[in-house]
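The lines below spell out each chain.
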Amino acid sequence: MAFTDIAERRQLRRKLTFWRVAAFLLVAAAIVGIGSYFFGGGETGKIQAHIARVTISGLIVDDPELVERLDAIAANTSVKALIVSINSPGGTTYGGEQTFKAIRRVADKKPVVSDIRTLAASAGYMIAVASDHIVAGETSITGSIGVIFQYPQLKGLLDKLGVSLEEIKSAPLKAEPSPFHVPPEGAKVAIQAMVDDSFSWFVDIVAKRRQMTREQVLPLADGRIFTGRQARTLKLVDEVGGIKEIRAYFKSRKIADDLPVVDWKAKPEGSNFLLGALASELADSMGLGWLKNASVLKNMSEDKLLLDGMVSVWQFEGN
């Protein structure tokens, strides 16, 4: 056999060995990834004892995925405590209600702290009071306890255009208020009663969770906002601070202060969840995580219009 043939065979053998090892490592990594995804909540490290952190930001809406994630945290024995990091101007009352109840289910089993970041107003504050302890920054914005129902009124514009919309309906209050005509007084009364009922529920949960009387809460529930320092004085939050204060509270609840904090993020969408997760992590590592929210930015104006029903939100019309 020629020397060149022997050299080529050795080179081919080395290449084959390399690709075998590479394939083995890839399969092993896939197995670990799948295992951690299914048995560790979707991220490496969730099988070990840790403190979970869930970030709630932007407009609060009916979010089944978030509720399922919180319920998974409640059921996961490896999670010893939960930090709810909030940066939200509020959202729908129903979305706030469902998130509030999901956080309470976690708090029934383990300590929960709300970490108010830049803003937690209206429904954002609603979900904050679901925790056992609230920590806010000194200059964080919170409060805005209240409920609002908004609807557009196009009658003036239609009159100028010489256009009208005629209706035949089963009862005077059906489909009221309408944007095509001034609503009858009965519709305003009915909607005001609905807003008042939701507002009463909001005030009651603040009073119960903050261990205040309804009479103490009502003067603070006129829609105004507060800084973290003001909210602390008014007993709407427990402390001003950050992670140091959160750790200290957990320590008082017999939670080890050296436990790692693991972010429980929403599972990436898409049919190939493993590749989707890897792509998501790669985007984050390259500083391109904002690309994942491009569609949110694109549809920001539509999101405002799709907030059906009553909302509890601060500066909803701000740009």
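Keep in mind the model is a prediction, meaning the values are calculated, not measured. (Residues numbered from 1 in each chain as written. Predicted model: local features only at pLDDT ≥ 70, side-chain atom pairs only at ≥ 80, totals over all residues. Heavy atoms only, no water.)

K.L.:
Tell me about unusual backbone geometry, residues and numbers included.
P.N.:
With an omega of 5 degrees, the peptide bond running from Glu176 to Pro177 counts as cis. Turning to its location among the elements, Pro177 is positioned in the loop between α5 (155-161) and α6 (185-209). In this model, Gln211 sits at a positive phi of 55 degrees, which is unusual for a non-glycine residue. Structurally, the position occupied by Gln211 is in the loop between α6 and α7 (214-217). Given the relative accessible area of 75%, Gln211 is considered exposed. Phi at Lys235 takes a positive value of approximately 70 degrees, unusual for a residue other than glycine. Within the secondary structure, Lys235 is located in the loop between α8 (228-233) and β8 (239-240). The exposure class of Lys235 is exposed, given its relative accessible area of 52%. (Helix = DSSP H or I, 4+ residues; strand = E, 2+ residues; numbered from the N terminus. Buried < 20%, exposed > 50% of the residue type's maximum accessible area, 1.4 Å probe, protein only.)

K.L.:
So what's going on with the confidence of the model for the chain? Which residues, and what values?
P.N.:
Of the residues in the chain, 70% reach a pLDDT of 70 or more, and the chain-wide mean stands at 82. Here residues 34-44 scores under 50 on pLDDT; set against residues more than four positions off or in separate chains, the count is 22 contacts. A low-confidence stretch, residues 293-308 stays under pLDDT 50, and its non-local contacts, those more than four residues away or across chains, total 10 contacts. (pLDDT = per-residue confidence, 0-100. Contact = heavy atoms within 4.5 Å.)

K.L.:
Which residues make up the side chain of His50, and what are the values?
P.N.:
With respect to the helices, strands and loops of the structure, His50 is situated in strand β1 (residues 50-57). We classify His50 as buried; its relative accessible area is 0%. Within the local environment of His50, its side chain forms a polar contact with the backbone oxygen of Gln48, the two atoms lying 2.7 Å apart. (Polar contact = N/O pair within 3.5 Å; in protein donor to acceptor, adjacent residues only side chain to side chain.)

K.L.:
Explain the packing of aromatic side chains to me, and be specific about the residues and the numbers.
P.N.:
For the coordinates displayed, the defined rule picks out two aromatic pairs. Measuring from centroid to centroid gives 6.4 Å for Phe100 and Trp201, while their planes differ by 75 degrees, and the two rings are edge-to-face. Here Phe100 is found in helix α3 (residues 93-107), whereas its partner Trp201 is found in helix α6, with 101 residues between them in sequence. For Phe100, a relative accessible area of 9% gives the class buried. Among the residues examined, Trp201 registers a relative accessible area of 30% and is labelled partly exposed. Between Tyr249 and Phe250, the ring centres sit 6.1 Å apart and the planes meet at 50 degrees, which makes this aromatic pair tilted. For the pair shown, Tyr249 and Phe250 are each scored as buried. (Phe/Tyr/Trp six-rings, centres within 6.5 Å; stacked < 30°, edge-to-face > 60°.)

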